[in-house]
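Summary of structural features
So the chains spell out like this:
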Amino acid sequence: MRLIDTHTHLDFPDFDADRQRLLANAQALGVERMVVLGVYEGNWQRVWDLACSTPNLHAALGLHPVYLDQHRPEHLAQLRDWLERLQGHPHLCAVGEFGLDFYLPELDKGRQQALFEAQLQLACDFALPALLHVRRSHAQVIATLKRYRPARAGIIHAFAGSYEEAREYIRLGFKLGLGGAATWPQALRLRKTLPRLPLESVVLETDAPDMAPAMFPGVRNSPVHLPQIAGALAEVMGIEAERLAHVSSRNACEVFGW
């Protein structure tokens, strides 16, 4: 089984003790490529250094809405500088993680929207895919994407919306990131939606160290779990795991231009 993990945070301290062993184990299990996403200005260098240390790692850089209070206006200018400096580098694959999070009431929606649009514009300017965090904000994200219509589109990370919302993203050219959430039996709506999704619209992810699948409750998530996540998702979708692995990896390669 050949797999691509399109969304990880392998630079986080959770992996400091065993990062290299974990990467080797994931590759041995067929996880051929992994994307590491930046979430605030202070971790971009760490993400970039990690991505450049291993041939099968790739970096995305962005300003995550959950870290809104850490972001400063100059960080957008610095993000543009990073993207200009790294333009065309084989280890840079996207802008992200960014988006809208309306689940946490303390996060100012106006500031989030301004930051979201500024980074969407960067994705457009540098012709890079956008890796989007969307929580309780599908309507606003879809409306914004319809205004910007980024040519490279990207991925809706940890998609957990309705079938109707999925169709809107697909029409805009986006892929839907699927991971541990749908392995949980209580994710009723998502598990009903998955079999209706066209296979050409899905990619796989772990969100490591977060979003552990039902098979590993309360355990640090990692790319090592991706084969079992793929198997569980394939069962929900009513297809063979090998087919899901093959098509989702092809879809990821299409998004990132690999």
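Keep in mind the model is a prediction, meaning the values are calculated, not measured.

1. Some remarks on the packing of aromatic side chains
For the coordinates displayed, the defined rule picks out five aromatic pairs. Measuring from ring centre to ring centre gives 5.1 Å for Y40 and Y67, while their planes differ by 45 degrees; the resulting arrangement is tilted. With Y40 in the loop between β2 (31-37) and α2 (44-53) and Y67 in the loop between β3 (57-61) and α3 (73-86), the pair connects residues that are 27 residues apart, well separated along the chain. A ring pair is formed by F98 and F116, whose centres lie 5.9 Å apart and whose planes are at 50 degrees; its orientation type is tilted. Within this pair, whereas F98 is found in strand β4 (residues 92-101), its partner F116 is found in helix α4 (residues 109-125), the two being separated by 18 residues in sequence. Accessibility assignment for this pair places F98 and F116 in one class, buried. Across the ring face of Y163, the terminal group of R196 is positioned such that the distance to the ring centre comes to 3.8 Å.

2. What about the packing of helix α5 (residues 138-148) against helix α6 (residues 163-171)?
Following both chains from N to C, one finds α5 and α6 inclined at 20 degrees, their axes separated by 10 Å at the closest point. Here α5 lies roughly parallel to α6, going by the angle between them. In this structure, α5 meets α6 at a crossing whose hand is left-handed. In this structure, α5 contributes H138, V141, I142, L145 and K146 to the contact, and α6 contributes E165, E168 and Y169. Here the contact of α5 with α6 is composed, by residue class, of four nonpolar, one polar and three charged.

3. Concerning the state of the cysteines
Inspection of the entire model under this criterion finds zero disulfides. Of all cysteine sulfurs, the one in C253 lies closest to C93, which takes part in no disulfide; the gap is 11 Å. Overall, C253 belongs to the partly exposed group, its relative accessible area being 24%.

4. Description of the environment of V255
Mapped onto the elements of the fold, V255 is located in helix α9 (residues 241-256). Of the residues examined, V255 reaches a relative accessible area of 6% and is grouped as buried. With sequence-adjacent residues up to four places away left out, V255 is seen in contact with P129, R152, G154, I155 and K175.

5. Let's talk about unusual backbone geometry
The omega angle of the peptide bond from G96 to E97 is 20 degrees, so this bond is cis rather than trans. The topology assignment puts E97 in strand β4. The linkage connecting A208 with the following residue, P209, adopts the cis geometry, with an omega of 10 degrees. Turning to its location among the elements, P209 is positioned in the loop between β8 (202-204) and α8 (226-237). One non-glycine residue, R149, adopts positive backbone phi at about 45 degrees. By secondary structure assignment, the location of R149 is in the loop between α5 and β6 (154-157).

6. Structural notes on the sheet that holds β8
With respect to topology, eight strands assemble into an open sheet ordered β1-β2-β3-β4-β5-β6-β7-β8, the strand pairing being parallel. Every other strand in the sheet has two partners, leaving β1 (3-8) and β8 as the edge strands with one partner each. The sheet shows a mean angle of 30 degrees between the axes of neighbouring strands, taken without regard to direction. Pairing analysis gives four bridges linking strand β5 (residues 130-135) to β6, with the strands arranged parallel. When the bridges of β6 are listed, L131 appears paired with I155. Relative to β8, α9 is tilted by about 100 degrees, and along the sheet it contacts β1, β2, β4, β5, β6, β7 (175-178) and β8.

7. Quick look at the environment of T8
Assignment of secondary structure puts T8 in strand β1. Judged by its relative accessible area of 0%, T8 falls in the buried class. Setting aside residues up to four positions removed in sequence, T8 forms contacts with V35, V36, L37, T206, A208 and P223. At a separation of 2.8 Å, a polar atom in the side chain of T8 contacts the main-chain carbonyl oxygen of V35.

Analysis parameters
- In this numbering scheme, every chain counts its residues from 1 along its sequence in written order.
- Only residues with pLDDT of 70 or above have their local features reported here, since the model is predicted, and side-chain atom pairs are shown and tallied only from 80 upward, although totals for entire chains, interfaces and linings are computed over all residues.
- Only heavy atoms go into the side-chain values, all of them from the structure, while hydrogens and water stay out.
- Stacked, edge-to-face and tilted are the three classes for Phe, Tyr and Trp ring pairs, Trp counted by its six-membered ring, which pair at centre distances within 6.5 Å; planes under 30 degrees apart are stacked, over 60 edge-to-face, the rest tilted.
- In DSSP terms, a helix is any run of H or I states spanning at least four residues, a strand is any run of E spanning at least two, and both are numbered starting from the N terminus.
- For every residue, the accessible area (1.4 Å probe, protein chains only) is compared with the maximum for its type, and the residue is labelled buried under 20%, exposed over 50%, or partly exposed between those bounds.
- By definition, being over a ring means that NZ of Lys or CZ of Arg is both within 6 Å of the ring centre and within 35 degrees of the ring normal.
- Helix axes use the C-alpha atoms of the stretch in contact, all axes being lines fitted to C-alpha atoms, and the angles between their N-to-C directions lie in the range 0 to 180 degrees.
- Oblique is the label for any angle not under 35 degrees, not over 145, and not in the 65 to 115 range, which are roughly parallel, roughly antiparallel and roughly perpendicular in turn.
- Put simply, a crossing is left-handed when the front helix is turned counterclockwise from the back one by less than a right angle, and right-handed when it is turned clockwise.
- Between two residues, a contact is recorded if the distance between any of their heavy atoms is within 4.5 Å.
- Note on residue classes: Ala, Val, Leu, Ile, Met, Phe, Trp, Tyr, Cys and Pro are nonpolar, Asp, Glu, Lys and Arg are charged, and everything else, Gly too, is polar.
- Note on terminology: disulfide denotes any pair of cysteine sulfur atoms within 2.5 Å.
- Pairing between strands is defined by DSSP: at least two bridges between them are needed.
- Within 3.5 Å is the distance limit for a polar contact, defined as a pair of N or O atoms, with the added protein rule that one can donate a hydrogen and the other accept it, and that residues adjacent in sequence qualify only through two side-chain atoms.

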